[in-house]
Amino acid sequence: MEGLNLQKPEDLELNYDRSQQIATCLDENEPDEAAEKQQRLTAKIRKEKKEQGLKKKKEDLNDTGETAINNSGIRERVTMARQNQSARGEMKRINVDLLSLSYGTLVFQLVRDFENDAEVNTQLEKIGMNIGTRLIEDFLSRSQMPRCKAFQDSVDVIVKNAFKQYFGISSVEATNWNAAMTECSLILKENPLSDFVELPEKHHSLFYSNILCGVIKGALTAVHQDVQCWFVQDVLLGHPTTEIKLKFQGIIKDTIPVGEDDS
């Protein structure tokens, strides 16, 4: 009939076969898709469990302060702390070495400029006093410590804090106190200022680190304590130890602000 497009029997059979193949393919793909979905779901569950486990470990370990969690897993906090301490120690060592070298240049120039050791000692003390008056301001602002009212307290702060903080000298002992607690000796078991230094025999009266006496005197003067400070022994001069003598002279009352008089 005109207007109708009748298919031949062989065409019908061919179309039937194709529909069967398509249905078969769909049936075959369904299990694959289901398996793929299952794999994705399993992977997601595993990931969530892993994240939950890491989160729990992080919480537990943060409580002890021993470890930390980063993107790659667990990292030892103790190791990081030791590395940071090592880096700080190394930097401090570098700063001390630079101080030692710079100070050596200063002493060398003073020796060239002045004729005798006594004058060099005097100049080093003057320089130290100027430094001490500035360091005490920095120290007090950083530490927030109240003004020491007793000479013994001031010496204790110098020995335990100031020398280590500004000169890298950690082994200092205050000893040989008199009965009135107005005189003592500071025994320096180490002195970075004199590292790598050898004095020629002609400078047998040069106290190479005399700037320390000036720093102590300048700092204590700034907090109204009048002291005498001088070197008694120095290993650079062949003595068995390095000793600085301190003698408290009294309170500088004319510089004490109103309301801070200790008397």
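Residues numbered from 1 in each chain as written. Predicted model: local features only at pLDDT ≥ 70, side-chain atom pairs only at ≥ 80, totals over all residues. Heavy atoms only, no water.

## Things to note about the overall build of the chain
The following threshold applies: A run of DSSP states H or I qualifies as a helix once it reaches four residues; a run of E qualifies as a strand once it reaches two. Both are numbered from the N-terminal end. In this scheme, a residue with accessible area under 20% of its type's maximum is buried, one over 50% is exposed, and one in between is partly exposed, where area comes from a 1.4 Å probe on protein chains only. Any two residues whose heavy atoms approach within 4.5 Å at even a single point are treated as in contact. Calculation of accessible area relied on Shrake-Rupley with a 1.4 Å probe; when residues are assessed, cover is drawn exclusively from the protein chains displayed.
For the chain, the count of helices and strands is five helices and six strands. Tracing the chain from N to C terminus, the helices and strands come up as α-β-β-α-α-α-β-β-α-β-β. A total of 263 residues make up the chain; the buried ones form 28% of that total. In the chain, the proportion of contacts linking residues at least 24 apart, taken out of those at least 6 apart, comes to 55%. When the accessible surface of the chain is totalled, it reaches about 18000 Å², and 51% of it is carbon and sulfur.

## Thoughts on the sheet that holds strand β4 (residues 183–188)
For clarity, the cut-off: A strand pair is defined by DSSP finding two or more bridges across the two strands. Between N-to-C directions, angles cover 0 to 180 degrees, with each direction set by a line fitted to C-alpha atoms, over the stretch in contact for helices.
One open sheet accounts for four strands, arranged β3-β4-β6-β5; its pairing is antiparallel. Bordering the open sheet on either side are β3 (172–175) and β5 (225–233), each of which pairs with just one other strand. Direction aside, neighbouring strands of the sheet carry axes that sit 25° apart on average. Summarising the sheet, β4 and strand β6 (residues 242–251) pair through six bridges and their orientation is antiparallel. For E183, the partnering residue across the bridge sits in β6 and is K247. Helix α5 (residues 211–222) rests against β4, β5 and β6 of the sheet, and its axis sits at about 165° to β5.

## Looking at the nonpolar core
Where we set the bar: Definition used in this section: a nonpolar core is a set of buried Ala, Val, Leu, Ile, Met, Phe, Trp, Tyr and Cys residues joined via side-chain atoms within 4.5 Å.
Core analysis: the largest hydrophobic core is formed by 38 residues, its most contacted members being F163, L186, L188, I216, I244 and L246. Elements supplying a minimum of two residues to this core: α2 (77–113), α3 (117–143), α4 (151–167), β4, α5, β5 and β6. In terms of residue count, α5 provides more of this core than any other element does, seven residues in total. Residue contacts for F163: discarding those within four places in its chain leaves I158, G168, I169, V172, L186, L188 and I216.

## A word on the environment of K149
Locating K149 in the fold gives a position in the loop between α3 and α4. Between the C-alpha atoms of K149 and V223, which are 74 residues apart in sequence, the distance is 9.2 Å.

## As for the side chain of S185
What counts, and what does not: Here a polar contact means two N or O atoms within 3.5 Å. Within protein one must be a hydrogen donor candidate and the other an acceptor candidate, and residues neighboring in sequence count only if both atoms are side-chain atoms.
Counting through the fold element by element, S185 comes out in strand β4. Judged by its relative accessible area of 0%, S185 is buried. At a separation of 2.7 Å, a polar atom in the side chain of S185 contacts the side chain of E243. If sequence neighbours within four positions are ignored, S185 has contacts with E173, A174, T175, N176, E243, I244 and K245.

## Observations concerning the layout of surface pockets
Short version of the rule: Only protein atoms enter the calculation, which uses a 1 Å grid: trapped sets of points that fit a 1.4 Å probe without letting it out are cavities, open sets showing protein on both sides within 12 Å along at least five of seven lines are pockets, and any residue with an atom within 4 Å of a point is a lining residue. Grid points are joined across faces, edges and corners, and a volume is the space filled by probe spheres set on the points. Following the grouping adopted for this structure description, the nonpolar residues are Ala, Val, Leu, Ile, Met, Phe, Trp, Tyr, Cys and Pro, the charged ones are Asp, Glu, Lys and Arg, and the polar ones are all others, Gly among them.
Empty space within the largest pocket amounts to approximately 210 Å³. For the largest pocket, the full set of lining residues is G104, V107, F108, V111, R112, V197, E198, L199, P200, H203, L206 and Y208. Looking at the lining of the largest pocket residue by residue, the classes come out as eight nonpolar, two polar and two charged.

## Some remarks on α4
Operational definition: One axis fitted to the seven residues ending at a residue, another fitted to the seven starting there: the angle between these axes is the bend at that residue.
The largest bend along α4 reaches roughly 45° and is located at I158. Among the residues of α4, those classed as buried are F151, S154, V155, V157, I158, V159, A162, F163 and F167.

## As for the pattern of salt bridges
Side chains that differ in charge, positive against negative, can pair when their charged atoms come close. Stated formally: Every case where a carboxyl oxygen of Asp or Glu lies within 4 Å of a side-chain nitrogen of Lys or Arg is listed as a salt bridge.
What the rule picks out here adds up to five salt bridges. Among the salt bridges present, the one from E173 reaches K189, with a minimum N-O distance of 4.0 Å. Taken together, the residues span a long stretch of sequence, with E173 in strand β3 and K189 in the loop between β4 and α5 at a distance of 16 residues.

## Digging into α5
Let me state the cut-off plainly: Multiplying 1.5 Å by the residue count of a helix minus one yields the expected span of that helix.
When the terminal C-alpha atoms of α5 are compared, their 16 Å separation across twelve residues agrees well with the 16 Å that a helix rising 1.5 Å per residue should span. Among the twelve residues that make up α5, nine are buried, leaving the element largely enclosed by the rest of the structure. The positive-phi residue at the C-terminal boundary of α5 is H224, with phi of around 70°.

## A closer look at empty space enclosed by the protein
Evaluation of the coordinates by the stated rule reveals one cavity of 30 Å³ or more. Approximately 290 Å³ is the volume attributed to the largest cavity. Around the largest cavity, the lining is made up of 21 residues, and of these I136, F139, I158, A162 and A219 lie nearest the centre. Broken down by element, the lining of the largest cavity gets its largest block of residues, seven residues, from α4.

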